[in-house]
Amino acid sequence: MSMILSAFVEHPKSANFFGEDEGETIVLVLRRSLITNFRWLLLGILGLMGPWVLGSILAIVDPTTIDDVPYVIAFIGTALWLLFWSAYLFINFLNWFYNVHIATNWRIVDMDFTGFLHRDITEAPLRTVQDVTHQISGFMPVLFNFGHVIIQTAGENQQIDFHDVPKPAKAADIISDLVTTLHKEEGNN
């Protein structure tokens, strides 16, 4: 799978983000686990199949019913139905794709996009990170190894949460190692 659609990427070679400083290196890029997309993908695919399923059921129950619906109404109704479900899939994909969590050698960045018109970007310098924990709870998260990474900071935003990310233990360990390395470097200077 390409890096662009991956949910867990260590040391991406060609990645960058808006606001990245010179000399800053991206160490970890996280998104919600791919398995968390299953529900909306299944619903969207079933929704797209709706007109054909309805048409098949009507053809089996009463074949003359389809002939009674004017062609223009059937066409417009089907087009609107497909447009709605395509938009549903597209918006959910954008929500998954653009909600990104980034750990660099200097800071933690949490980018949350809601719809097309709202974005919330939270940043915390690594030097303010006090604690990094992870949680995995529930059958599906345990089975597919995804969960939450919780980062406690001493800054204005006291907690940054990465929800439903893959390999949360490994992600928390990488972030803890970044914090430890930064504190050692600052202690030596």
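Refer to the structure above for everything that follows.
About the criteria used
- Residues numbered from 1 in each chain as written.
- Predicted model: local features only at pLDDT ≥ 70, side-chain atom pairs only at ≥ 80, totals over all residues.
- Heavy atoms only, no water.
- Helix = DSSP H or I, 4+ residues; strand = E, 2+ residues; numbered from the N terminus.
- Polar contact = N/O pair within 3.5 Å; in protein donor to acceptor, adjacent residues only side chain to side chain.
- Contact = heavy atoms within 4.5 Å.
- Buried < 20%, exposed > 50% of the residue type's maximum accessible area, 1.4 Å probe, protein only.
- Phe/Tyr/Trp six-rings, centres within 6.5 Å; stacked < 30°, edge-to-face > 60°.
- Lys NZ or Arg CZ within 6 Å of the ring centre and 35° of its normal.
- Salt bridge = Lys/Arg side-chain N within 4 Å of Asp/Glu carboxyl O.

Enquirer: Lay out the side chain of Asn37 with the relevant residues and their values.
Expert: Mapped onto the secondary structure, Asn37 falls in the loop between strand E2 (26-30) and helix H1 (38-61). Within the local environment of Asn37, its side chain forms a polar contact with the side chain of Trp40, the two groups lying 3.1 Å apart. When near neighbours in sequence (up to four residues on either side) are disregarded, Asn37 contacts Arg32 and Trp96.

Enquirer: Residue-level account of the environment of Asn37, with values.
Expert: Given the relative accessible area of 5%, Asn37 is considered buried. With 85 residues separating them in the primary sequence, Asn37 and Thr122 have C-alpha atoms 24 Å apart.

Enquirer: Which residues make up the packing of aromatic side chains, and what values go with them?
Expert: Within the structure shown, the criterion is met by nine aromatic pairs. Ring plane angle 85 degrees and centroid distance 5.1 Å describe the contact between Phe84 and Trp85, whose orientation is recorded as edge-to-face. A relative accessible area of 51% places Phe84 in the exposed class. Members of the aromatic cluster, each reached through a chain of ring pairs, are Phe93, Trp96, Phe97, Tyr98 and Phe113. Residue placement shows Arg31 over the ring face of Phe97; its charged tip is 4.5 Å from the ring centre.

Enquirer: Go over the pattern of salt bridges, please, and point to the residues and values.
Expert: What the rule picks out here adds up to three salt bridges. A salt bridge links Glu10 to Lys170, with the nearest nitrogen and oxygen atoms 2.9 Å apart. Placement of Glu10 in strand E1 (residues 8-10) and of Lys170 in helix H5 (residues 168-188) is noted, with a sequence separation of 160 residues between them. In this structure Glu10 comes out as partly exposed when scored by relative accessible area, which is 34%. Two residues, Glu123 and Arg107, come together in a salt bridge whose shortest N-O distance is 2.6 Å. Pair noted here: Glu123 is in strand E5 (residues 118-125) and Arg107 is in strand E4 (residues 107-114), with a separation of 16 residues, a long-range link. A relative accessible area of 41% places Glu123 in the partly exposed class. Overlapping salt bridges bring together Glu24, Arg107 and Glu123 as one network.

None of the figures reported here should be taken as evidence of function without further support.
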